[in-house]
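Topology and contacts: notes
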There are 2 protein chains.
Amino acid sequence: MKKKYLMTPGPTPVAESTLMAMAMPIIHHRHPEYMGILAEVREGLKELFNTKRETIIIASSGTGAMEGSVVNVCRKSDRVIYVNGGKFGERWGEIAAAYGVEAVPVDVTWGQAVEAAAVKKAMDEKPARAVLVQYTETSTGVVHPIEELAKLTKGTDTLLIVDAITALGVYDIPFDEWGIDILLTGSQKALMLPPGIALAAISEKAMKAMDESDLPKFYFDFRKEYKKISENSSAFTSPITLVIGLREVLGRMREIGFKNIYAESARMAAATRSAMEALGLKLYAPSAPSNALTAVLAPEGIDAQKIVKIMREDYGVTIAGGQAQAKGKIFRISHMGHVSQWDLLVTVGALEKTLARVGQKFESGVGCAALMKALGD
Amino acid sequence: MKKKYLMTPGPTPVAESTLMAMAMPIIHHRHPEYMGILAEVREGLKELFNTKRETIIIASSGTGAMEGSVVNVCRKSDRVIYVNGGKFGERWGEIAAAYGVEAVPVDVTWGQAVEAAAVKKAMDEKPARAVLVQYTETSTGVVHPIEELAKLTKGTDTLLIVDAITALGVYDIPFDEWGIDILLTGSQKALMLPPGIALAAISEKAMKAMDESDLPKFYFDFRKEYKKISENSSAFTSPITLVIGLREVLGRMREIGFKNIYAESARMAAATRSAMEALGLKLYAPSAPSNALTAVLAPEGIDAQKIVKIMREDYGVTIAGGQAQAKGKIFRISHMGHVSQWDLLVTVGALEKTLARVGQKFESGVGCAALMKALGD
């Protein structure tokens with residue numbers, strides 16, 4: 001019997017307790033019991049998002065919340081700046097273009113973080129309605145300097161919109177304190193849920209921008225959804241089971257303590273990087289690696305997709321390959337959400353066996369040993 | 001211990017076998033195993049939608065597919081005709097308006113079906129890009145004459161877009177044969193799943209219209225999704241657990257036989273109507289009542305919301321009240337999906353007790369007796 005390990009940067013494993021909570025009989029989304037659940041979720045989300053503001057819940061993948069962020073705050077005549085250093089950065093540009101909004105890229109080599117100065121330069125050249133950026137660029141495993149970017153936009157007319165799909169629940173992101181305007185995420189990453197819901201916290205400044213927006217929207221009309229929040233209701237049929245799962249997850253996260261979860265992600269990420277180094281592998285994003293996932297360059301001359309395939313088929317460990325220009329060059333290991341240090345140990349073990357088969361030279365066991373050492377007691 | 005019965009026209013109960021299938025550990029949406037699941041789902045959807053065409057699967061509520069249908073086929077300069085006889089009919093108008101598309105209502109009194117002649121008249125007055133209509137208008141419990149409307153649009157430049165959210169899985173809807181252009185549905189009705197996915201079958205004629213469309217879209221870009229179908233993939237992260245649930249449901253529906261399911265819905269709907277009549281109640285949509293749900297006028301002088309509340313709080317049976325102009329006037333009982341004749345018997349029993357308390361005069365037991373008689377052997 002082959003045990004399976006899901007070590008991809010989304011979807012991530014869902015805990016049994018969440019799966020069981022979601023397997024309870026369906027209740028109606030206007031039923032008082034469900035309204036109570038929504039009220040509880042709202043409280044948990046305030047802690048998760050570090051905000052006094054409310055968070056909207058939408059039935060869609062994370063991309064829906066990205067699109068919603070753009071169409072709710074922008075006007076047809078607007079110009080936005082986006083950090084273009086990976087597949088999800090590119091998506092900001094595609095969304096803006098789809099709505100005829102001028103999208104100015106700040107180009108960043110894949111695997112590198114944007115420099116705040118480059119964004120500042122773009123802002124200085126011509127005023128922008130918003131800066132669009134990923135907290136973690138999932139396709140490269142890099143972390144962009146959101147706190148620094150927030151300093152550029154705070155107090156100006158420019159909004160900071162942050163895709164934290166692969167970051168919220170991994171990093172402490174002080175939404176109110178830093179002055180982020182929209183912080184969005186999806187369910188299938190550090191929130192340890194199946195895919196299907198997107199979440200977005202919205203600042204007062206962003207709400208004001210929405211009043212001026214003239215881009216068309218209906219399902220992703222954030223204001224419509226926002227109005228329903230105080231009634232513990234939703235504009236459209238709520239994704240009931242996922243929200244019930246979210247309540248379970250938030251309850252567990254509050255019990256463990258958010259700070260402890262962030263520290264654990266950092267510890268596991270550092271240990272993973274250490275194991276890769278011991279195996280003679282190079283990180284794809286060495287200067288600013290994310291604590292959500294580790295992107296690793298395949299050894300010279302080896303197709304990374306082959307590593308992914310062997311890991312999955314022969315050892316039961318599903319990791320992710322690269323996307324677009326990084327395809328075949330890198331593989332990606334997640335250490336966010338419902339992933340333990342033992343899952344990482346198994347993953348490094350399977351990687352060792354795989355690397356040996358594709359001809360990488362290293363002393364058997366050094367990866368696991370480095371991981372153990374770095375994990376500490 | 002109070003047993004609970006969910007008898008609302010969406011969400012509907014989810015079978016234990018589906019809940020358990022969805023509670024299995026998450027697999028990755030690009031994993032070969034998941035691609036096999038999507039392939040199986042595609043086959044089932046062809047039977048459900050009565051079509052040789054492919055059906056797209058989107059993570060959103062049904063409204064997302066309504067909006068998608070409009071923005072994918074229409075041009076800014078277009079005019080659409082919509083059947084305006086309930087809350088969901090109105091929504092067509094709101095969506096079109098949000099995108100600046102001229103929306104011409106064919107007004108219908110709530111509780112009545114549209115007459116095909118009225119739609120024809122609107123089409124004759126000025127060419128329309130599309131006719132937008134509900135199969136069942138969930139807010140009134142009426143069935144619109146889709147086969148007749150299809151005769152008006154087939155072979156013309158006008159598309160027929162049908163919201164079958166509360167119809168597919170209840171009625172045999174010959175998509176190819178009638179010549180419907182977009183047939184859309186949601187997961188939380190006769191498909192017996194939690195809310196969170198929308199489905200849409202798209203005709204060749206609609207695909208051609210999409211090539212001409214100039215309305216902005218990104219997440220709801222049907223062509224992008226359509227292209228991924230043949231690879232058993234999706235444009236964005238697939239709502240994995242719900243799709244796994246869909247496979248389980250479609251497997252069960254195929255086993256039972258779609259025609260048998262439609263016949264069973266018809267039998268239960270007829271019996272429900274018969275029970276209401278025996279209790280001295282009037283249907284809200286007497287001329288064209290849906291087999292998905294029965295909308296019933298509360299007795300003269302009685303607030304329907306009170307009936308709904310007593311049913312839920314004192315007898316554990318959740319039915320739906322009316323919406324918008326029908327609020328307080330009607331209540332609605334579902335008989336689609338994973339609802340059995342015994343659930344209906346319980347519902348009628350609870351309704352009898354409730355009606356007696358609010359002062360409706362009838363001989364105790366006549367509702368249940370009428371239901372039993374109409375259900376037959």
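In case you missed it, the structure is sitting above this.
Residues numbered from 1 in each chain as written. Chains lettered and ligands numbered in written order. Predicted model: local features only at pLDDT ≥ 70, side-chain atom pairs only at ≥ 80, totals over all residues. Heavy atoms only, no water.

This part is about the overall build of chain A. The secondary structure content of chain A amounts to 14 helices and 15 strands. Computed over its C-alpha atoms, the radius of gyration of chain A comes to 21 Å, within 12% of the 21 Å expected for a compact globule of 377 residues. Dimensions of chain A, computed from C-alpha atoms along their principal axes, come out at roughly 60 × 55 × 35 Å. With 377 residues in all, chain A has 66% of them scored as buried. Pairs at least 24 residues apart make up 73% of the contacts formed inside chain A by residues separated by at least 6 positions. Roughly 13,700 Å² of accessible area belongs to chain A as shown, and the carbon and sulfur atoms make up 52% of that amount. Separation of charge centres in chain A, based on 44 positive and 43 negative side chains, amounts to 3 Å. (Helix = DSSP H or I, 4+ residues; strand = E, 2+ residues; numbered from the N terminus. Rg over C-alpha atoms; globule rule 2.2 N^0.38 Å. Buried < 20%, exposed > 50% of the residue type's maximum accessible area, 1.4 Å probe, protein only. Contact = heavy atoms within 4.5 Å. Areas by Shrake-Rupley, 256 points an atom, 1.4 Å probe, with all protein chains shown as cover. Lys, Arg positive; Asp, Glu negative; His and termini not counted. Charge placed at Lys NZ, Arg CZ, Asp CG, Glu CD.)

It is worth spelling out the side chain of Thr55(A) at this point. Residues and elements named next belong to chain A. Its place among the elements puts Thr55 in strand β2 (residues 55-59). Judged by relative accessible area, which is 6%, Thr55 ranks as buried. Beyond its immediate stretch of four places on either side in the chain, Thr55 contacts Leu45, Phe49, Leu199, Ala200, Ala201 and Ile229.

Okay, helix α2 (residues 32-48) of chain A next. Three- or four-residue spacings in an α-helix give side chains the same orientation, since the helix completes a turn every 3.6 residues. Residue and element names in this part refer to chain A. With 17 residues, α2 should cover 24 Å at 1.5 Å per step; its first-to-last C-alpha distance of 24 Å lies within 8% of that length. For α2, the full list of buried residues reads Tyr34, Ile37, Leu38, Val41, Arg42, Gly44, Leu45, Lys46 and Leu48. Buried positions along α2 lie against β2, β10 (197-202), α9 (222-229), α10 (240-256) and α11 (258-278). Taken from the residues just after α2, Asn50 is the one with a positive phi, measuring 55°. (Expected span 1.5 Å × (residues − 1).)

A separate point is the packing of helix α8 (residues 204-212) of chain B against helix α9 (residues 222-229) of chain B. The relative placement of two packed helices is expressed as an angle between their axes plus a distance between the axes. All names here are of chain B. One can describe the packing of α8 onto α9 by two numbers: an axis separation of 11 Å at closest approach and a directional angle of 130°. One finds that α8 runs oblique with respect to α9. Contact residues: α8 offers Met207, Met210 and Asp211, while α9 offers Phe222, Arg223 and Tyr226. The residue makeup of the contact of α8 with α9, split by class, is 4 nonpolar, no polar and 2 charged. (Axes fitted to C-alpha atoms, helices over the stretch in contact; angles between N-to-C directions. Parallel < 35°, antiparallel > 145°, perpendicular 65-115°, else oblique. Nonpolar A, V, L, I, M, F, W, Y, C, P; charged D, E, K, R; others polar.)

Least-squares fitting of chain A to chain B yields an RMSD of 0.0 Å, with the superposition described by an axial translation of 0.0 Å and a rotation of 180°. Here the transformation between the copies is reduced to the relation of a two-fold axis. For chain A, the residue whose C-alpha comes nearest the rotation axis is Ser60(A), separated from it by 2.4 Å. Residue by residue, 100% of the interface of chain A is reproduced at the interface of chain B, so both copies engage with the same surface. (Least-squares fit on C-alpha atoms with pLDDT ≥ 70 in both.)

Two faces belong to every sheet, and in a regular strand the side chains alternate between them. All names here are of chain B. By the criterion of burial, strand β12 (residues 293-297) is predominantly enclosed, with 4 of the 5 residues buried. With 2 bridges connecting them, strand β11 (residues 282-283) and β12 associate as antiparallel partners. Following the sheet pairing, Leu283 is matched in β12 by Val296. Bridge analysis of β12 against strand β15 (residues 330-334) gives 5 bridges, and the strand direction is antiparallel. Bridging across to β15, Val296 finds its partner in Phe331. (Pairing = 2+ DSSP bridges.)

So, about the packing of aromatic side chains. Aromatic ring pairs are described here by two measures, namely the spacing of the ring centres and the angle between the planes. Counted by the stated rule, this structure contains 13 aromatic pairs over all chains. Relative to Phe236(A), the ring of Tyr219(A) lies with its centre 5.3 Å away and its plane at 20°, an arrangement referred to as stacked. Residue Tyr219(A) is located in the loop between α8 (204-212) and α9, and its partner Phe236(A) is located in the loop between α9 and α10; the two are separated by 17 residues in the primary sequence. Here Tyr219(A) and Phe236(A) have matching classes, each one buried. A network of ring pairs unites the aromatic residues Phe218(A), Tyr219(A), Phe220(A), Phe236(A), Phe218(B), Tyr219(B), Phe220(B) and Phe236(B) as a single cluster. (Phe/Tyr/Trp six-rings, centres within 6.5 Å; stacked < 30°, edge-to-face > 60°.)

It is worth spelling out the sheet that holds strand β5 (residues 130-134) of chain A at this point. Residue and element names in this part refer to chain A. Strand order in the open sheet formed by 7 strands is β2-β10-β9-β8-β5-β3-β4, with mixed pairing between adjacent strands. The open sheet has two edge strands, β2 and β4 (102-107), and neither has a second partner. The sheet shows a mean angle of 20° between the axes of neighbouring strands, direction not considered. Most of the contacts of α8 go to β10, to which it runs at about 100°, and overall it touches β8 (159-163), β9 (182-186) and β10.

Turning our attention to the nonpolar core. Of all hydrophobic cores here, the largest spans 136 residues; its most connected members are Leu48(A), Tyr135(A), Ile173(A), Leu48(B), Tyr135(B) and Ile173(B). Apart from the residues lying within four places of it in its own chain, the contact partners of Leu48(B) are Leu168(B), Gly169(B), Leu191(B), Leu250(B), Met253(B), Phe258(B) and Tyr262(B). Membership of the second largest hydrophobic core comes to 78 residues, among which are Leu184(A), Ala209(A), Phe218(A) and Leu132(B). (Core = buried A, V, L, I, M, F, W, Y, C linked by side-chain atoms within 4.5 Å.)

In this section: a negative patch on the surface. Residues and elements named next belong to chain A. On the surface, a cluster of negative charge is contributed by Glu147, Glu148, Asp176 and Glu177. For the negative patch, the secondary-structure elements that each account for two or more residues are α6 (146-153) and α7 (175-178). Mapped onto the fold, Asp176 is located in helix α7. When its relative accessible area of 36% is taken as the criterion, Asp176 is described as partly exposed. (Patch = residues over 30% accessible without salt bridge, like charges linked within 9 Å, V, L, I, M, F, W, Y side chains within 5 Å. Salt bridge = Lys/Arg side-chain N within 4 Å of Asp/Glu carboxyl O.)

A few words on helix α4 (residues 87-98) of chain A. Residue and element names in this part refer to chain A. Between the first and last C-alpha of α4 there are 16 Å, a value that for 12 residues agrees with the 16 Å anticipated at 1.5 Å per step. When α4 is considered as a whole, its buried residues turn out to be Phe88, Gly89, Arg91, Trp92, Gly93, Ile95 and Ala96. Directly beyond the C-terminal end of α4, a positive phi value near 75° is found at Gly100.

Listed as interface residues are 48 residues of chain A and, on the opposing side, 48 residues of chain B. When chain A packs against chain B, the two sides together hide about 3,700 Å² of surface, and 71% of this comes from carbon and sulfur. Put simply, chain A and chain B have 2 salt bridges between them. Counting residues per element, the side of chain A that touches chain B draws most heavily on α4(A), which supplies 4 residues. When its residues are assigned to classes, the side of chain A that touches chain B shows 26 nonpolar, 15 polar and 7 charged. (Buried area = accessible area lost by both parts, 1.4 Å probe.)

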